[in-house]
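Architecture at a glance
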Amino acid sequence: MLIDLRGAGCADVLIRLAALARTTTEPDAEIVLWTDDAGAPTELPAWCRMTRHRFDGPVPGFTDRYLLTLHPSGEPQ
């Protein structure tokens, strides 16, 4: 699933990502987050560590897209 959050600031990116994570029921839901926020390379891995989701890194060939795996309720399977 591609989530386009270009133009959103860091706080908005994390708020929207948290909302998506809360409503995810699919185990190991892979998403590509498309953001031009300058803090994303630091903030996304930190958010994933704190919420027990997985940051899989930047999408190869792109500087503004990141692959994340969301786990229902933040619990890795």
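For the structure given in this document, a descriptive report is provided here. Owing to the predicted nature of the structure, the values given are computational and were not obtained by experimental measurement.

As a further point, take the environment of V59. Turning to its location among the elements, V59 is positioned in the loop between β3 (54–58) and β4 (65–70). Dropping the residues within four chain positions of it, V59 is found in contact with V32, R65, Y66 and L67.

For the rest of this paragraph, the subject is the sheet that holds β3. Pairing is mixed across the open sheet formed by 4 strands, whose spatial order is β1-β2-β4-β3. Of all the strands in the sheet, the pair left with one neighbour each is β1 (2–4) and β3. On average, each strand axis in the sheet is inclined to that of its neighbour by 25°, with strand direction left out of account. Where β3 meets β4, 4 bridges bridge the pair, whose relative direction is antiparallel. Following the sheet pairing, R54 is matched in β4 by T69. Here helix α2 (residues 40–51) sits on the sheet and contacts β2 (29–34), β3 and β4; the angle it forms with β4, its principal contact strand, is near 5°.

Our focus in this paragraph is helix α1 (residues 10–23). Helix length check: α1, at 14 residues, gives a terminal C-alpha distance of 20 Å against a target of 20 Å (1.5 Å per residue), a fit within 8%. For α1, every residue scored as buried is listed here: V13, L14, L17 and A21. Take α1 and look down its axis: the buried residues cluster within an arc of 90°, on one side only. Residues A11, I15, R22 and T23 are exposed on α1 and point more than 90 degrees away from its buried face. On its buried face, α1 is in contact with β2, α2 and β4.

Calculation rules
- One numbering rule holds for all chains: residues counted from 1, following each sequence as written.
- Under the rules for a predicted model, residues below a pLDDT of 70 receive no local features and side-chain atom pairs below 80 are neither given nor counted, while totals for whole chains, interfaces and linings still include all residues.
- Side-chain descriptors were evaluated using all non-hydrogen atoms of the structure, hydrogens and water having been removed beforehand.
- A helix here means a DSSP run of H or I that spans at least four residues, while a strand means a run of E at least two residues long, and both kinds are numbered starting from the N terminus.
- Contact criterion: two residues are considered in contact whenever any of their non-hydrogen atoms come within 4.5 Å of each other.
- Any two strands with at least two DSSP-identified bridges between them are counted as paired.
- The axes used here are C-alpha line fits, helices contributing only the stretch in contact, and every angle between their N-to-C directions lies in the interval 0 to 180 degrees.
- Residue count minus one, scaled by 1.5 Å, sets the expected span of a helix.
- Partly exposed describes any residue whose relative accessible area lies between the buried limit of under 20% and the exposed limit of over 50%, with all areas from a 1.4 Å probe on protein chains only and scaled to the type maximum.
- Arc definition: directions from the helix axis to the C-beta atoms.

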